[in-house]
Amino acid sequence: MIRRLGQRVRLPVRLRRRDDGAILIIALLAVTVVSLVVGVVLTRGDGSLRATVQLRQVAGSSYAADGAAKLALNALRTGYSPGDPNGAAADSDWAFNNSFDGTGCFGKDGSGTAVSTLVLPGFYPQTGGQSSATSAAVTCTAEDATGAQGSPVPITDGNKPGSAILTLGTSGETGFYSKALGGNSFRVHGGIWSNSTIVADTGALVSSQSIRAHSGCTGTMTAPTVECSAATVADPGYASDLDIAGTGIPALQTVPSCSGNLATFEPGYYDDVAALNALTTPNANKNCVYWLKPGTYYFDFHNNSVDPLHDDDIAAAASDEWTISSGTLIAGTRTGTSTVPGACDNPIDKTTANGVQLVFGGDSRMLIDKDGQAEICGSYHADRPPIAIYGQKTGTTPSATTLSGTTALTSSGNATTDMKVGTVAPATVTAAILKDVGNGQMTWTRDNTGANSVQTGTVTMTGFAPTTAIPKGAVLTGLKAFVRHQEGTSTAGNASEISVTPTGSGTTLKSSSALTVRTTLGNDTQDLSAATGFGTVQKYVHDSGFSGATVVFTAKLPRSGSSTTTIQSILDAVQLELTYYVPGIRGETTTAIPNNCVAVVASCSVVTTSGNKSILYVQGTHYTPLAKVDVTLNNVSQQIFRFGVIARAIEVKETGSFAWTGPVIELPDNSPGWGFSGTLVQLKVYLCPSAATCSPSTGELSLKVRAQLWDTTGTPRPPSRQVTVLSWSEQR
């Protein structure tokens, strides 16, 4: 069958041998090739078109994200608040305050709700492939450790000590001693370095950084680095505010009284510890606040009887130790509360902290005892530590100044007199006549008329002012009157007298014995330092200085037995001789005061706390390189030394009731110092193409921006705010 079919479809031989069908095949091949080429070309063209459309969409998204971020940054810079999307008015007085205190990055809307997401509906025009405009949402968050969470002030190696604790004594004494009872550990934030030994008596000594001693360690110590044979460290040699000012000892101040539970101290020089203790120890003043206004205070007490500057007008005291056992001492700018800590602005939280520096000279020292409390705040400095307590290292014991001879005090005003020559009125007596020896004389001549009795006449002289004023605080140790005179007879009852009244004192000094009776001109010096009232004059000079005096010369002339005899009294010159000390700045050394216990580390400390209720907080650096610190901690709720301690030796004891579990002594970490005036923010831009609005949950994350906001004045208002873009990262 198959064979027969094949035979049926066979073409004639003539037809089977022709090439007419080849043309059709070629044509089909040509059509196929052309179709393939056209197809490829059309396919590539369509892909390119689609790519072009896609690129346009990407560019549009990029531009939209950039625009949204720029709008958000500008809103932060200018203080723009978008208001309520539903139409309520925005807070027109809003400005981002860097603290993220509930206002949000973009303020509050009209309903009072914080706005931390900036919504930009339909803000970018429609691009190819989109049915409508693009909307965006920009979120804003602050980075940790910036703004309200960051350090408000720049803290660097240039304005803080190198260690939290540094003891400088090397003469065999224990440098740092800690004792923590009740299972506590004594904790320090920062390094500990002793040029001698470190002893952790009870409880572990814990440092966040290092513990180093030059001459050995005793006890349990925990730190990343513990080294007990370390090198010694040099004294950083900080200058006091008095040294920096270069004006010498400040003006003497008077200890105030407590009125309305407040005693206000003025910056200056205080030398009477008895007067201070009379204010700060009575139980009646337990509610009193002793406010030391911002400034520099120099304490150099002279109540110690062996002190070369001891003055009889200053009450003697058992020691030159200022005791605060009742009431609260607040030193620095007050914050409005009397609860410590936190009663004064401190240099850790504010660059504007205007505090105090308490400078202790000689053997002066401070004790916080019983119910006494104290918070002492230093001043912020960008280039040196905020030293709140300073132990004066150098100075000199002042030498006495004596005004005598050519520097003696003389009258500078015309003298008044009631002396007469018979019935003749007294002549004018100029200052020049009685100023110097041999520069003229005043002669009183009495004839034999009148009653048969001794007549008395006086010459009153004024002036006697020193060329250089003797300031308040001066210690008057001697006062003498030099007189060149002559009496009319040799009778002892005719002896002349001299008296001196310092200007303003209200006290007249007069020797118990009269001048020597001289029948020819002669010199006498009368010592008035033993006269009744000299202590009162000393106190007046100490409290008010010495500006001059009034001197009265009294002469006595008897009647002669012969009518022809003339009796004369002659006054040639009157001068005052003063001896006094003007206090200077003295170091805490044994040369300043004999047997100075502050200069002997085993004897007494420049700062001591004692008692179950006593509290001390030092918001600043403690620097007493020649003296010891001895602190007992009981009712303490925070760090007691917040900017490091440098001393000759330090002894700190925690009682069993000590409640603070953090570091007792702290050295702040370095910080960029953005704080309340600077904040780092993260912006995230979400895009919603062809959408009427947008949110982080419905949009696509397209851009991340990191920016720093900085207000140089601390006031978040344009144009002071500066914005710096730190990074700009597209998310694809």
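Fair warning: this is a prediction, and the values are worked out from it, not measured in the lab.

**A word on the pairing of strand 22 (residues 387-391)**
Consideration 1: Where burial is concerned, most of strand 22 is hidden: 5 out of the 5 residues are buried.
Consideration 2: Relative to strand 22, strand 19 (residues 356-360) runs parallel, the two sharing 3 bridges. From the neighbouring strand, Val-359 faces strand 22, where its bridge partner is Tyr-390.
Consideration 3: Bridge count for strand 22 against strand 35 (residues 621-633) is 3 bridges, and the pairing is parallel. Bridge pairing in strand 35 places Tyr-390 opposite Tyr-623.

**Describing empty space enclosed by the protein**
Consideration 1: Enumeration over the complete set of coordinates arrives at 2 cavities of 30 Å³ or more.
Consideration 2: Taken as a whole, the largest cavity spans an internal volume of roughly 40 Å³.
Consideration 3: For the largest cavity, the lining is made up of 10 residues, of which Thr-609, Leu-616, Val-631, Leu-633 and Ile-640 are closest to its centre.
Consideration 4: Secondary-structure elements contributing two or more residues to the lining of the largest cavity are strand 34 (615-619) and strand 35.
Consideration 5: Computed from the structure, the second largest cavity encloses a volume of approximately 30 Å³.
Consideration 6: Taken together, Gly-60, Ser-61, Ala-64, Tyr-124, Thr-127, Gln-130, Thr-134 and Leu-687 form the lining of the second largest cavity.
Consideration 7: Among the elements that take part in the lining of the second largest cavity, helix 3 (residues 22-78) stands out by supplying 3 residues, more than any other.

**A closer look at the environment of Ser-547**
Consideration 1: With respect to the helices and strands, Ser-547 occurs in the loop between helix 7 (534-544) and strand 31 (549-557).
Consideration 2: Spatially, the C-alpha atom of Ser-547 lies 7.0 Å from that of Pro-466, the residues being 81 residues apart in sequence.
Consideration 3: Here Ser-547 is in contact with Ala-465, Pro-466 and Thr-503, once residues within four sequence places are set aside.

**Focus: the packing of aromatic side chains**
Consideration 1: Tallied over the full model, the rule gives 13 aromatic pairs.
Consideration 2: Centre to centre, the rings of Tyr-238 and Tyr-623 are 5.3 Å apart; their planes meet at 65°, and the pair counts as edge-to-face. Of the two residues, Tyr-238 sits in the loop between strand 12 (225-227) and helix 4 (241-245) while Tyr-623 sits in strand 35, which places them 385 residues apart along the sequence.

**Section: the sheet that holds strand 5 (residues 186-189)**
Consideration 1: Across the sheet, 4 strands lie side by side as 11-8-5-37; this open sheet has parallel pairing. Looking along the sheet, the strands with just one partner apiece sit at the ends: strand 11 (221-222) and strand 37 (665-666).
Consideration 2: One ladder, built from 2 bridges, connects strand 8 (residues 205-207) with strand 11; its direction is parallel. Within strand 11, the position partnered with Leu-205 by the bridge is Met-221.

**Re the pairing of strand 4 (residues 174-180)**
Consideration 1: Judged by how many residues are buried, strand 4 sits mostly within the fold: 5 of 7 residues are covered.
Consideration 2: Where strand 4 meets strand 7 (residues 197-202), 5 bridges bridge the pair, whose relative direction is parallel. When the bridges of strand 7 are listed, Lys-179 appears paired with Thr-202.

**Regarding the pattern of salt bridges**
Consideration 1: Following the criterion strictly, the structure yields 19 salt bridges and no others.
Consideration 2: For the salt bridge of Arg-586 with Asp-307, the shortest nitrogen-to-oxygen distance reads 2.9 Å. Here Arg-586, found in the loop between strand 32 (567-581) and strand 33 (607-609), pairs with Asp-307, found in the loop between strand 16 (295-299) and strand 17 (321-324); they are 279 residues apart in sequence, far enough to count as distant.
Consideration 3: Of the residues examined, Arg-586 reaches a relative accessible area of 0% and is grouped as buried.
Consideration 4: What makes Asp-307 buried here is its relative accessible area of 4%.

**Re the state of the cysteines**
Consideration 1: Under the defined criterion, the tally for this structure stands at 5 disulfides.
Consideration 2: Between Cys-258 and Cys-288 runs a disulfide, and the two sulfur atoms are separated by 2.1 Å. Between Cys-258 and Cys-288, the S-S dihedral sits near 120°, and the bridge is therefore right-handed. One end of the pair, Cys-258, is in the loop between helix 4 and strand 13 (262-265); the other, Cys-288, is in the loop between helix 5 (273-280) and strand 15 (289-292), with 30 residues separating them in the sequence.
Consideration 3: Given a relative accessible area of 1%, Cys-288 falls into the buried group.

Reading the values: rules and limits
Residues numbered from 1 in each chain as written. Predicted model: local features only at pLDDT ≥ 70, side-chain atom pairs only at ≥ 80, totals over all residues. Heavy atoms only, no water. Buried < 20%, exposed > 50% of the residue type's maximum accessible area, 1.4 Å probe, protein only. Helix = DSSP H or I, 4+ residues; strand = E, 2+ residues; numbered from the N terminus. Pairing = 2+ DSSP bridges. 1 Å grid on protein atoms, 1.4 Å probe; cavity = no way out; pocket = protein on both sides within 12 Å on 5 of 7 lines; lining within 4 Å. Points joined across faces, edges and corners; volume = space filled by probe spheres on them. Contact = heavy atoms within 4.5 Å. Phe/Tyr/Trp six-rings, centres within 6.5 Å; stacked < 30°, edge-to-face > 60°. Salt bridge = Lys/Arg side-chain N within 4 Å of Asp/Glu carboxyl O. Disulfide = S-S within 2.5 Å.

Note that all results are geometric; they support no functional claim without further evidence.
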